[in-house]
Amino acid sequence: MALHDEILEQPAVLQGWLESRMETVREIARTIQERNIEYVFLAARGTSDHAGVYAQYLLGTRNRLPVALAAPSLFTMYDESPRLKNALVIGISQSGQSPDIVSVIAEGRRQGAITLSITNDSESPLAQQAELKLDVQAGPEKAVAATKTYTAELMALAALSVALAGNRQQDVEALARVPGAIETALRLEGEVEQIARKQSDMEQCVVLGRGYNYATAQEWALKLKELAYVFTDVYSTADFQHGPIAILDPGFPVLAVASQGAVFADQLGVLARLRDDYKAELVVISDSPEAVALAHSGLLLPDNLPEWLTPIVNIVPAQLFCYHLTRAKGLDTEKPRTLRKVTLTQ
């Protein structure tokens with residue numbers, strides 16, 4: 001099946017990308033550094049929008065660049081656009097086809113901003129419109145649900161951040177460990193399948209993440225919706241405590257991503273509260289045995305990556321969970337109802 005095969009391809013895709021695209025990334029970074037860039041203006045939809053959320057944390061913390069996520073309808077429906085002087089305007093799209101994302105790049109270029117496309121099709125309208133082009137080189141993605149193109153987008157953003165920060169050796173070495181960490185995550189598939197089968201009657205849930213892995217929670221929730229038709233809401237672990245936590249009844253499924261790092265101690269406290277006070281049914285992906293021990297069902301990942309790279313690995317067991325949950329529900333993983341691979345929005 002295409003979806004399962006593409007999930008398994010991810011270590012090879014990312015290894016190949018690191019071996020072939022790093023010099024291109026360095027050239028792009030040099031070009032950006034020659035301009036007076038004050039902030040990043042980023043346009044994306046769907047899965048690629050979650051890559052944009054990752055970029056907000058990544059470029060904000062590691063490169064001290066403010067990142068604004070575009071409202072593309074300003075460019076297409078309202079015919080008004082923000083001033084983009086001194087911006088790096090980035091468009092992210094696996095297909096590079098959607099007119100609204102292309103319009104943001106086109107307007108950025110018209111205003112004289114430096115523009116960058118990150119896409120899986122170097123001949124797409126998005127790539128053709130941008131001044132700078134970064135091909136994620138994931139190969140053909142036949143499944144409707146994006147998997148390998150998403151992790152390739154994250155890798156491209158992580159590599160760009162490293163290059164903009166000066167290609168520190170420790171960062172380059174950390175990037176090189178990512179494909180192996182995903183290989184290790186894929187070995188958990190037997191455990192993932194068992195957990196998914198236990199959750200086969202799931203009709204609704206909440207997905208939580210924070211910091212870098214807020215993007216992971218968003219992407220996990222999207223895959224649950226488009227593959228398994230689970231009514232899902234997603235929150236920052238912090239935002240969830242500001243009201244939405246009131247929806248919880250005993251046994252309510254809460255799926256969480258909690259990697260060690262700046263927000264981990266806070267997340268750990270919330271997970272303990274959800275288990276002990278609210279009696280929620282916890283499914284946790286983490287690189288910490290302490291977090292996994294709090295869960296009714298936990299998946300323990302390697303802890304050899306810095307927090308800023310964990311989203312590239314953490315999403316893989318979540319993809320597998322959605323794949324096996326879909327199968328456990330007797331649904332078609334290859335043909336989600338009403339969906340097509342390329343969605344064109346104005």
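Before going into details, it helps to say that this report is about the structure given with it. (Residues numbered from 1 in each chain as written. Predicted model: local features only at pLDDT ≥ 70, side-chain atom pairs only at ≥ 80, totals over all residues. Heavy atoms only, no water.)

## Quick word on the overall build of the protein
Note the cut-off: Only DSSP runs of H or I reaching four residues or more are called helices, and only runs of E reaching two or more are called strands; each is numbered from the N terminus. Throughout, the radius of gyration refers to the C-alpha atoms, and the reference size of a globule is 2.2 Å times the residue count to the power 0.38. Think of it in three bands: with a 1.4 Å probe and only protein chains considered, a residue is buried below 20% of the maximum accessible area for its type, exposed above 50%, and partly exposed in between. Pairs of residues are marked as contacts when any of their non-hydrogen atoms sit within 4.5 Å. In short, Shrake-Rupley with a 1.4 Å probe defines the accessible areas, and a residue's cover is counted only from the protein chains shown. By the counting scheme adopted, Arg and Lys are positive, Glu and Asp are negative, and His together with the chain ends is not counted. Here the site of a charge means atom NZ of a Lys, CZ of an Arg, CG of an Asp or CD of a Glu.
For the protein, the helix and strand inventory stands at 14 helices and 10 strands. Taken over the C-alpha trace, the protein has a radius of gyration of 19 Å; the compact-globule value for 346 residues is 20 Å, and the two agree within 12%. For the protein, the C-alpha atoms occupy an extent of roughly 55 × 45 × 40 Å along the three principal directions. Every one of the 346 residues in the protein was classed for burial, and the buried ones make up 58%. Relative to all contacts within the protein whose residues are 6 or more apart in sequence, the contacts with residues 24 or more apart total 75%. For the protein, the exposed area adds up to about 14000 Å²; of that, 47% sits on carbon and sulfur atoms. When the 31 positive and 42 negative side-chain charges of the protein are each reduced to one mean point, those points stand 3 Å apart.

## Points about the packing of helix α9 (residues 189-198) against helix α14 (residues 310-328)
Operational definition: Axes here refer to lines fitted to C-alpha atoms; in helices the fit is confined to the stretch in contact. Angles between the N-to-C directions go from 0 to 180 degrees. By the definition adopted for this analysis, an angle is roughly parallel if under 35 degrees, roughly antiparallel if over 145, roughly perpendicular if from 65 to 115, and oblique otherwise. The crossing is said to be left-handed when, going from far helix to near helix, the turn is anticlockwise and less than a right angle, and right-handed when the turn is clockwise. Each residue gets one of three labels, nonpolar for Ala, Val, Leu, Ile, Met, Phe, Trp, Tyr, Cys and Pro, charged for Asp, Glu, Lys and Arg, and polar for the others, Gly among them.
Their axes nearest at 8 Å, the elements α9 and α14 cross at an angle of 45°. Of the possible angle classes, the one that applies to α9 and α14 is oblique. Judged by the twist between their axes, the crossing of α9 over α14 is right-handed. Across from E189, V192, E193, I195, A196 and R197 in α9, the residues of α14 making contact are P317, L320, F321, H324, L325 and A328. Here the contact of α9 with α14 is composed, by residue class, of eight nonpolar, one polar and three charged.

## Some thoughts on the state of the cysteines
Stated formally: For the purposes of this analysis, a disulfide is any pair of cysteine sulfur atoms at a distance within 2.5 Å.
Taken as a whole and judged by the stated rule, the model has zero disulfides. Cysteine C205 is unpaired, with the sulfur of C322 as its nearest cysteine sulfur at 8.6 Å. Overall, the relative accessible area of 2% leaves C205 in the buried class. Taking relative accessible area as the criterion, C322 reaches 1% and is therefore assigned buried.

## Comments concerning the nonpolar core
Operational definition: In this text, buried Ala, Val, Leu, Ile, Met, Phe, Trp, Tyr and Cys residues form a nonpolar core when linked through side-chain atoms within 4.5 Å.
Residues Y54, L175, W220, L224, W308, L309 and F321 are the most contacted members of the largest nonpolar core, which totals 90 residues. It is helix α7 (residues 148-164) that provides the largest number of residues to this core, a total of 12 residues. W220 has contacts with V207, L255, A256, V257, V283, I285, I315, A318, F321 and C322, leaving out every residue within four places of it along the chain. The next biggest cluster of nonpolar side chains, apart from the first, holds 21 residues, and it includes I245, F264, L268 and V284.

## Side note on the sheet that holds strand β1 (residues 39-43)
Under the convention used in this document: In this analysis, strands are considered paired if DSSP registers two or more bridges between them.
In space, the five strands of this open sheet follow the order β2-β1-β3-β4-β5, with parallel pairing throughout. Either end of the sheet is taken by a strand with one partner, and the two such strands are β2 (67-69) and β5 (132-135). In this sheet, adjacent strand axes meet at a mean angle of 20° when their direction is disregarded. Set on the sheet, helix α2 (residues 10-33) makes contact with β3 (87-93), β4 (114-119) and β5; between it and β5 the angle comes to about 160°. In this fold helix α5 (residues 99-110) packs onto β1, β3 and β4, with an angle of close to 160° to the strand it touches most, β3.

## Description of the side chain of Q319
Mapped onto the elements of the fold, Q319 is located in helix α14. A relative accessible area of 3% places Q319 in the buried class. Each residue touching Q319, except ones within four places of it in the same chain, is listed here: I7, Q10, T147 and T151.

## Let's talk about the pairing of β3
Consecutive side chains along a regular strand alternate between the two faces of the sheet. Here is the rule we go by: Crossover handedness is defined by viewing with both strands directed away from the observer: a clockwise path from the first strand over the helix to the second marks the crossover as right-handed.
Counted residue by residue, β3 has seven buried out of seven residues, so it is predominantly covered. Of the two faces of β3, the one carrying A87, V89, G91 and S93 and the one carrying L88, I90 and I92 are both buried. Here six bridges tie β3 to β4, and the two strands are oriented parallel to one another. Along β4, the bridge assignment pairs I92 with I118. With α5 bridging β3 and its parallel neighbour β4, the resulting β-α-β unit is right-handed.

## Describing the pattern of salt bridges
Applicable threshold: The salt bridge definition used is simple: a Lys or Arg side-chain nitrogen within 4 Å of an Asp or Glu carboxyl oxygen.
The final tally for this structure, using the stated rule, is 13 salt bridges. The closest approach of N and O atoms between E23 and R30, which form a salt bridge, is 3.0 Å. Overall, E23 belongs to the partly exposed group, its relative accessible area being 40%. Residue classification places R30 among the partly exposed positions, given a relative accessible area of 41%. Close ionic contact of D171 with R62 constitutes a salt bridge, the shortest N to O distance being 2.8 Å. Residue D171 is located in helix α8 (residues 169-186), and its partner R62 is located in helix α3 (residues 46-62); the two are separated by 109 residues in the primary sequence. Take D171: its relative accessible area is 4%, and that puts it in the buried class. A single salt-bridge network, built from bridges that share partners, covers E23, R26 and R30.

Any functional reading would require information that these geometric values do not contain.
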